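Residues per chain are reported as follows:
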Amino acid sequence: MTAPNHQLLYLSHLVAGVRYDVFAAICQVSRRRNAERALTGVLLFDGHRFCQLLEGPADAVAQVRQSIASDPRHEFMSVL
C-alpha cells in the first residue's frame, strides 16, 4: 500500500528589486529536485506573483514547503 499524496498550494510575491527572469532559474532547479523527490505540480508566475501546487509524499512536501518559505526571492507566502 502506498502512502497518500499530500498537497501544498500557496501564493507569494516576488521581492521588490528581484528580476522577474529569476523564474527560469527557479523552474530549472525545481524540475530536477521535484523529480528526485517524486513531487508533481504546477508553478505559475505572472511577473509579480507566484502560485504553486505541489503534490507528493508528505515528508517531501514538508521539506519543499520549508525551503520555499525561507527563499529570499519571494515574500508574503500564504498557504491556501
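Coordinates for the structure precede this section.
Residues numbered from 1 in each chain as written. Predicted model: local features only at pLDDT ≥ 70, side-chain atom pairs only at ≥ 80, totals over all residues. Heavy atoms only, no water.

Caption draft 1: Inspection of unusual backbone geometry at higher detail. Phi at A38 is positive, roughly 60°, even though this residue is not glycine. Given the relative accessible area of 52%, A38 is considered exposed. (Buried < 20%, exposed > 50% of the residue type's maximum accessible area, 1.4 Å probe, protein only.)

Caption draft 2: Structural context of the sheet that holds strand β1 (residues 6–14). Taken in spatial order, the four strands make up an open sheet running β2-β3-β1-β4, and their pairing is antiparallel. Every interior strand has two partners, whereas the edge strands, β2 (40–45) and β4 (74–79), have only one. Here the strands of the sheet are splayed against their neighbours by 15° on average, with no regard to which way each runs. In this sheet, β4 lies alongside β1 in antiparallel orientation, the contact comprising four bridges. Residue L14 lies in a different strand from β4, and its bridge partner there is H74. Contacts from helix α1 (residues 22–36) reach β1, β2 and β3 (49–56) within the one sheet, and its direction differs from that of β2 by about 175°. (Pairing = 2+ DSSP bridges. Helix = DSSP H or I, 4+ residues; strand = E, 2+ residues; numbered from the N terminus. Axes fitted to C-alpha atoms, helices over the stretch in contact; angles between N-to-C directions. Contact = heavy atoms within 4.5 Å.)

Caption draft 3: Layout of the pattern of salt bridges. Counting across every chain of the model gives four salt bridges. Note that R19 is salt-bridged to D21, the shortest N-O span being 3.0 Å. According to the relative accessible area criterion, D21 is partly exposed, its value standing at 41%. Ionic pairing is found between R49 and D46, a salt bridge with its closest N-O pair at 2.4 Å. (Salt bridge = Lys/Arg side-chain N within 4 Å of Asp/Glu carboxyl O.)

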